[in-house]
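# Topology and contacts: notes
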Amino acid sequence: MNVHTYEKIWLVASLFLIVGFIATVVYGAAGAGIAMVDASGGTVDSTSLSENERFGEPGVERVGDGEYEVTVVARQFMYQPDPIRVPADSRVTFYVTSADVIHGFQVVGTNVNTMVIPGQVAKITVDFDEPAEYGIICNEYCGQGHHDMEGKLVVVPEDEYGGDDA
Amino acid sequence: MSGRISRAGLLVILAFLVPVIVEFRTLAALFGVSLSVGQYLVAVTGLVMAVLLAVTAWNLRAGTTADDHTGGA
Amino acid sequence: MTSEELPGEELFLDRFPDEAQVVRASLWSAFVALGIGALAGIVQALHRVGYVRFIDSADYYTVLTLHGVLLVISFTIFFLVGLFTWAVTRSLDRPVENIRFTWAWYLTMVAGTVLAGVAILGGFVDSIPISADVLFTFYAPLQAHPLFYAGLAVFIIGTWLAGFDWFRSWWIWRSENDGRIPLQTFMVLTSMLMWYIATIGVAISVVFFLLPWSLGIIDQVNPLLTRTLFWYFGHPVVYFWLMPAYLLWYTVLPSISGGRLFSDPLARVVFVLFLILSTPVGIHHQYLDPGIAEGFKFIAMTNTMFLLLPSLLTAFTVVASMEHGARQRGGEGYLSWLGALPWRDPAFTGMALAGLMFAAGGFSGMVNAGMNINYLIHNTLWVPGHFHLTVGTAVALTFMAATYWLLPQLTRRRLYSRTIGLFQVVMWFVGMVLMSNAMHRAGLVGIPRRTAEPQYDGFAFDAGLSSVAELDAQVAIGGTLLFVSVVLFLGNLIISLLEDPMEGTVDRSLPPALSGPEDSPEVLDNLSLWVAIALLLVLLAYSLPIGAIVADGGLFGPGTESYPVVLSWLEVVT
């Protein structure tokens, strides 16, 4: 097959670019430690969330030194709990599921972002270093009131953080 | 290259300028220059004028030297 | 004369009058969808930014569904079937085998569109219990009226029959001719093979799950499963939109530029790569889905990155062919040959600008494909910013530009005004630069897509150097320019048709490539081999994830109540 020299050079350069992109993703996962939302959250019966051990009482729970678990239920058109309060300098694992349709869970201005699918539990772990206030929005169309679906995440200074309850 | 730039060519050149104009403040910020809105407007107006002048100058020059493309647009 | 050439002195509609009629009908169906879709588009653009809100925000999602379905299903695919019919007929230089069959698939597609369209429009009228406010992706448990799913199924069956029509022409041509598959036919056949593989996913989803569920035969579906089946189809469909644009860039643009295609073999390689790689990548739309293991996402990511290759090769070939054309026209120098290109021709300028925007869209696509940076932009306005460059410009603008070129050979009419045509394509470019740029930037600061009112009570978006107001203004101005551009396009076409037929003819012959098919290995034309490889890759990429989804949740669960229903979710709250 007759391929022009310039085209060969371009082909090789393209392949380098592609391998380079894959390398950046590998670095992001292995070096920078960015894990993907995956199947580790397990499944849940969305029709009986109120009887579920974890999702029966959505809220914040301290599970270790500087480590917290936040259980969130997304439903038309709100998040529970709201607001979510966690202390600064903490490692927070979110467990998010939906009581009805597919929603999104995005902490605006950060890369905390996941789909919320009924029957599935999205599990994401995030470090919050500094006190701040963030908006939480649903970024997947979920019905006629979709645009009203928002929540708040407050990262309070460590010494002001009262207790487990939000 | 001695051809004149036609009006169609000028239209395309100006279209290509649009992204630069739209993100001129971002572009300037990359070089550490922060522009106010007023300064931005002056700068992009100047940019467009400069391009128009350059095209006019090019066409005048091409018009005096070219012997095969005198038709223009 | 090779089969790639059609005598320039004979118009397509004189040589193939029946086929020309089908092509015209398909294109007009596409343009009707374009007009309505564009109207929905400007309503959305102005509503989102809050400038003009004459519809209720709840109806925004009906408008958005209409915009999505009409533009990316009806407009793109009706144009595709028209163009492919033209391409197969002219490159094989033979009429279709049975014109009634050809009309049958066209009418099937029209029927499907009307069914789905009625279901969507029903969403505007509260007194009619028909709606399909489910957007283009129809994620369960959001539920549409059965008409919507049925319409979709009928439409897809129409496209399958169309593909059969083109395959049949080729089978008969092959029994009477020796040699390679003519390039345009090769492109059509590989695109359709990709389409047959891709539509399996949506067909299973609609026929076995969504349609029975909307009819009440089954109670619930597995939302992650139907979503995964949608994206199994949802990524290759974007290449299905793109393939006719590629066909035009490879076989028509070089000729408009005044030259010849650089390489026929590389064009074949590119289409084979699309056939192989388009489908086993759909999970990259689901990077942030719970319930799918990271390893499966990684496989989809690497496949996606390799899918960049055919597009990067295309960038080379298209630019090289344009440069060849420019030099034939007397262009010289390293870059000054650009000035020798026919910028006054809207067909050329439209396609060239579309290709340029596709490069920009390709770069934002690379960000989307980057599994971990995707967290930052997933479901933000960045994503529609991206695909308004790809399907919204690379495809749509190429189609409009090509229409200017096809018009005389399909209708015996000259374009009413080339100047308006030129303004129209440049206006599309400028409008899209503004709108898409603002959408990308808005996405970076977290402004979501698919939202009637991206203004929230509890917080404000921080747009950094710029401001949200400035981004809104760009979206509104850009959207308005795009709408005006569509109006100019349609107006120019309609006036052209009202004019008297022209005398004589126009030269629409397509010269063969500089490096012809004889330079490429025969194996490229072995379609069965490529289909086998494509299916193997699909199996590798999808069997385990789908197996795991079904094992975890069951075929029909763990679902919830469908929506819209009478606020049944309240029961869960209390």
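Keep in mind the model is a prediction, meaning the values are calculated, not measured.

About the cut-offs
- Residues numbered from 1 in each chain as written.
- Chains lettered and ligands numbered in written order.
- Predicted model: local features only at pLDDT ≥ 70, side-chain atom pairs only at ≥ 80, totals over all residues.
- Heavy atoms only, no water.
- Helix = DSSP H or I, 4+ residues; strand = E, 2+ residues; numbered from the N terminus.
- Rg over C-alpha atoms; globule rule 2.2 N^0.38 Å.
- Contact = heavy atoms within 4.5 Å.
- Areas by Shrake-Rupley, 256 points an atom, 1.4 Å probe, with all protein chains shown as cover.
- pLDDT = per-residue confidence, 0-100.
- Domains from an automatic or database assignment.
- Buried area = accessible area lost by both parts, 1.4 Å probe.
- Salt bridge = Lys/Arg side-chain N within 4 Å of Asp/Glu carboxyl O.
- Polar contact = N/O pair within 3.5 Å; in protein donor to acceptor, adjacent residues only side chain to side chain.
- Nonpolar A, V, L, I, M, F, W, Y, C, P; charged D, E, K, R; others polar.
- Buried < 20%, exposed > 50% of the residue type's maximum accessible area, 1.4 Å probe, protein only.
- Pairing = 2+ DSSP bridges.
- Axes fitted to C-alpha atoms, helices over the stretch in contact; angles between N-to-C directions.

### A closer look at the overall build of chain A
- Scanning chain A from N- to C-terminus turns up one helix and ten strands.
- For chain A, the sequential pattern of α-helices and β-strands runs α-β-β-β-β-β-β-β-β-β-β.
- A compact globule built from 166 residues would reach a C-alpha radius of gyration of about 15 Å, whereas chain A, at 20 Å, exceeds it by more than 25%.
- Summarising its shape, the C-alpha atoms of chain A cover approximately 70 × 40 × 30 Å along the three principal directions.
- Put simply, 64% of the contacts in chain A that link residues at least 6 apart link residues at least 24 apart.
- Approximately 7100 Å² of chain A is accessible, and the part contributed by carbon and sulfur atoms is 48%.

### Some remarks on the confidence of the model for chain B
Residue and element names in this part refer to chain B.
- Per-residue pLDDT for chain B averages 80, and the proportion of residues at 70 or more is 84%.
- Element-level mean pLDDT values for chain B span from 84 in helix α2 (residues 24-30) up to 89 in helix α1 (residues 7-22).
- Contacts of residues 66-73 to residues separated by more than four positions or lying in other chains number nine contacts, the stretch itself having pLDDT below 50.

### Notes on the arrangement of the chains
- Among the two pairs of chains that make contact, the interface with the largest number of contacts is formed by chains A and C.
- There is no contact between chain A and chain B; across them, the least C-alpha separation is 19 Å.

### Quick word on the domain arrangement of chain A
- Domains assigned within chain A are domain 1 (1-34) and domain 2 (39-160).
- Averaged C-alpha coordinates put domain 1 of chain A and domain 2 of chain A at centres separated by 37 Å.

### Examining the interface of chain A and chain C
- Across the boundary between the two partners, chain A contributes 65 residues, which contact 73 residues of chain C.
- Together, the buried faces of chain A and chain C total about 6200 Å²; carbon and sulfur atoms form 67% of this surface.
- The largest share of the area that chain A buries against chain C comes from Met36, Tyr141 and His147 of chain A, three residues that together contribute 13% of it.
- Between Glu140 of chain A and Arg450 of chain C there is a salt bridge, and its shortest N-O distance comes to 2.9 Å.
- For the interface between chain A and chain C, the tally reads 22 residue pairs in polar contact (both at pLDDT 80 or more).
- Within the residue set of the side of chain A that touches chain C, elements represented by two or more residues are α1 (5-30), β7 (113-116), β8 (122-128), β9 (132-137) and β10 (150-156) of chain A.
- Ranked by residue count, the leading element in the side of chain A that touches chain C is α1 of chain A, at 14 residues.
- The residue inventory of the side of chain A that touches chain C, partitioned by class, reads 36 nonpolar, 22 polar and seven charged.

### Structural notes on the interface of chain B and chain C
- In this complex, chain B contributes 16 residues to the contact, which on the side of chain C involves 20 residues.
- Between chain B and chain C lies a buried interface of about 1500 Å² when both sides are counted; carbon and sulfur atoms form 76% of it.
- At the boundary of chain B and chain C, one finds two salt bridges.
- Between Glu23 of chain B and Arg441 of chain C there is a salt bridge; the shortest N-O distance is 2.5 Å.
- At the boundary of chain B and chain C, one finds four residue pairs in polar contact (both at pLDDT 80 or more).
- A total of eight residues in the side of chain B that touches chain C trace back to one element, the largest contributor, which is α1 of chain B.
- Partitioned by chemical class, the residues of the side of chain B that touches chain C number eleven nonpolar, three polar and two charged.

### Observations concerning the pairing of strand β5 (residues 90-98) of chain A
Residues and elements named next belong to chain A.
- With eight of its nine residues buried, β5 lies for the most part within the structure.
- In the sheet, β5 pairs with β8 via seven bridges, with the strands oriented antiparallel. Counterpart to Phe94 in the pairing with β8 is Ile124.

### Section: the sheet that holds strand β4 (residues 84-87) of chain A
Residue and element names in this part refer to chain A.
- A sheet is described by the order of its strands in space; here five strands give the open sequence β4-β10-β9-β6-β7, paired in mixed fashion. Two strands bound the open sheet, and with one partner strand each, they are β4 and β7. Shown here is a sheet whose adjacent strand axes are inclined to one another by a mean of 20 degrees, direction ignored.
- Bridge count for strand β6 (residues 103-107) against β9 is two bridges, and the pairing is antiparallel. The residue bridging Val107 from the neighbouring strand is Ile136, located in β9.

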